[in-house]
Amino acid sequence: MNGLSLIKQAIRLEPVERVPWVPFVGVHGGYLIGVDAEQYLKSAPNMIAGLTKAIELYKPDGIPVSFDLQLEAEILGCKLNWAKENPPAVVTHPLLEGVLLSSLKVPTANDGRIPIVLETTRTLRTQNPEIALYGLITGPFTLALHLLGTEIFMKLFEDPEYVMEVMDFCTKVAISYSEMLLDAGCDVIAVVDPMTSQIDPASFETYVTPYVSQIFDFIRQKEKLSSFFVCGHAQQNIEAMCDCHPDNISIDENIPLDFVKEIALSKKISFGGNLKLTVVLLMGDPDDCKHDALSCLDLGGNRGFILAPGCDLPMQTPVENIQAVSELVFSRYLQDIARNLDKKESKLDILNMKDYGQSDKVIVDIITLDSESCAPCQYMVEAVKRVAPHFEGVVEWREHPIKKMEAVSFMSSLMVKNIPTICIDGKIVFVSQIPPQNLLIEAIQKRINEKLKLKIKSKRSEVLIFGETEQECKEVTKRVKRAVAELGKSTSISVITDKAQMASFGIKKGPAVVLVNYKLKSEVHVPSLDVIKEWIKEI
């Protein structure tokens, strides 16, 4: 049986001979042919070559033509920031900047980069008649957020009628683009709406359900199939997603697969997911990938389940890792072997975070997939950026994109389970929720007030590491950096190999460590002689 027929069977909840497999190849296709994300997404020949290579290597039953949630936004006036290894990010919001909704027009087949996607679709359809082609469109709520920015969350309460007008327009855009993709040869339209993870079920039913349901009804009228993609901690909205009547829902690793399976099947809807993108597919090895895929296959079962990553593949995902999943899908023998292999110990280096947050400044950590490629992550980082100037010199913020192993270790050390998440001085505060500006300021100010007695702005410190060579200082530097990380301090660390400087500190042989503290002792008034003498005794 070919892949398209297999996917149709799974979506119709018919028993299948094996679980169908859909790798979400986005800009990873560029990696396969040696071009960056911008070169890939702006060229039909590059996209065709990358996807053709992916089909050859990964033997998918279905594959997305394009994974780019900024395409429609760009046409509608949003400016983009292009990156080498990720899809572009939206950096301006026309409706927030005075553009009238009435002036925006539904895109046509000749606008923006739509012709590139349509040409790619037609070519792949001709070359691969037995593979299900997924046409991805930006969900109306995510597109509305691109147009209006995070201001949309305030307008949900302050001006709901305007939000509904924006949603109605974005739905027309989605339906129009869906029709273009279907006419070009797509079999499945995936409505990708990650920003819906940021709202509660009641808001979802008011501002999302009436609009995406129109899209799924339209696709059904065209006698094609649909899927509803969401990422992030959207567990609270799974039932509401199903009630929009898509043919399939697809989720990422933030949501337990068995939870989704139970709800979806009870609603007679198929489901897909949720291979771990970063820890396993990007940073693991083929055995890790086989274990994770097997876990998904066993949980998903052979009725209504489609195996897929949680989102589009990170660009530099190792080819051998995706091939390992593909080989497992097609071989029951390899599945049996994988079941009997001992699982390897975790590679994560867990930090001791019990004293984290002792820095002179308040540290705001944002755990993300990557703000350059994940819309909820991008808008959460932007929320922190906007309030940071209110606390200049007192607050330091850091993004930890879990496409790097040290960030995964940091995430695990703070016991963060979902992304994106904001932690303040090591405490989880906002989970998969972009906080309104007033709530974020309030949370940071609360922590500042708790630390006032520490005189946040009054102290500086640094660690000086001395040795004759940097190699001699390597181990002690590594330990100092770890200690600083576990304490959450913003302490300066300097390695000094100058012999004259060593001698000035009375150091004869390295490695040596010198702690330098600068403490504010007085301000405004002139201290007495006796007080000054007591200070000098501390030197």
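Residues numbered from 1 in each chain as written. Predicted model: local features only at pLDDT ≥ 70, side-chain atom pairs only at ≥ 80, totals over all residues. Heavy atoms only, no water.

*Asks:* Requested: an account of helix α20 (residues 437-451), with residues and values cited.
*Replies:* Here α20 spans 21 Å end to end across 15 residues, near enough to the 21 Å set by a 1.5 Å rise per residue. Those residues of α20 not exposed but buried are L440, A443, I444, I448 and K451. An end-on view of α20 places all buried positions within 135° of arc, on one side of the element. Residues of α20 that are exposed and point over 90 degrees away from its buried face: E442 and K446. (Helix = DSSP H or I, 4+ residues; strand = E, 2+ residues; numbered from the N terminus. Expected span 1.5 Å × (residues − 1). Buried < 20%, exposed > 50% of the residue type's maximum accessible area, 1.4 Å probe, protein only. Arc of directions from axis to C-beta.)

*Asks:* Lay out helix α18 (residues 375-387) in plain terms, naming residues and giving numbers.
*Replies:* For α18, which comprises 13 residues, the first-to-last C-alpha distance of 19 Å matches the rise-based estimate of 18 Å (1.5 Å per residue) to within 8%. The buried count for α18 comes to 11 of 13 residues, which makes it a mostly enclosed element. By the burial criterion, the buried members of α18 are A375, P376, C377, Q378, Y379, M380, V381, E382, A383, V384 and V387.

*Asks:* For the packing of α18 against α20, give the residues involved together with the corresponding values.
*Replies:* The contact between α18 and α20 brings their axes to 10 Å, and the two run at 65°. Like other packed secondary-structure pairs, α18 and α20 cross with a definite hand, here right-handed. Taken together, the residues of α20 that come into contact with α18 (itself represented by A383, V384, R386 and V387) are Q437, L440, I441 and I444. When the residues that make up the contact of α18 with α20 are grouped by side-chain class, the tally is 6 nonpolar, 1 polar and 1 charged. (Axes fitted to C-alpha atoms, helices over the stretch in contact; angles between N-to-C directions. Left-handed = near helix turned anticlockwise from the far one by under 90°. Contact = heavy atoms within 4.5 Å. Nonpolar A, V, L, I, M, F, W, Y, C, P; charged D, E, K, R; others polar.)

*Asks:* Summarise the pairing of strand β5 (residues 188-192); cite the residues concerned and give the values.
*Replies:* In terms of burial, β5 is largely enclosed, as 5 of its 5 residues are buried. Covered by surrounding structure in β5 are V188, A190 and V192 together with I189 and V191, the residues of both alternating faces. Where strand β4 (residues 132-138) and β5 come together, 5 bridges link them in parallel fashion. Within β5, the residue paired with Y134 across the bridge is V188. Relative to strand β6 (residues 225-229), β5 is paired through 5 bridges, and the arrangement is parallel. Along β6, the bridge assignment pairs V192 with F229. (Pairing = 2+ DSSP bridges.)

*Asks:* I'd love a proper account of the sheet that holds strand β13 (residues 427-431), names of residues and values included.
*Replies:* Ordered in space as β11-β10-β12-β13, the 4 strands form an open sheet in which the pairing is mixed. Edge positions in the sheet fall to β11 (395-401) and β13, since each has one partner strand and no second. Strand after strand, the sheet turns through a mean of 25° between neighbouring axes, direction not considered. Examined bridge by bridge, strand β10 (residues 362-368) and β11 share 7 bridges and lie parallel to one another. Note on β11: the bridge partner recorded for D365 is R398. In the packing of α18 onto the sheet, the strands contacted are β10, β11, β12 (421-424) and β13, and the crossing angle to β10 comes to about 165°.

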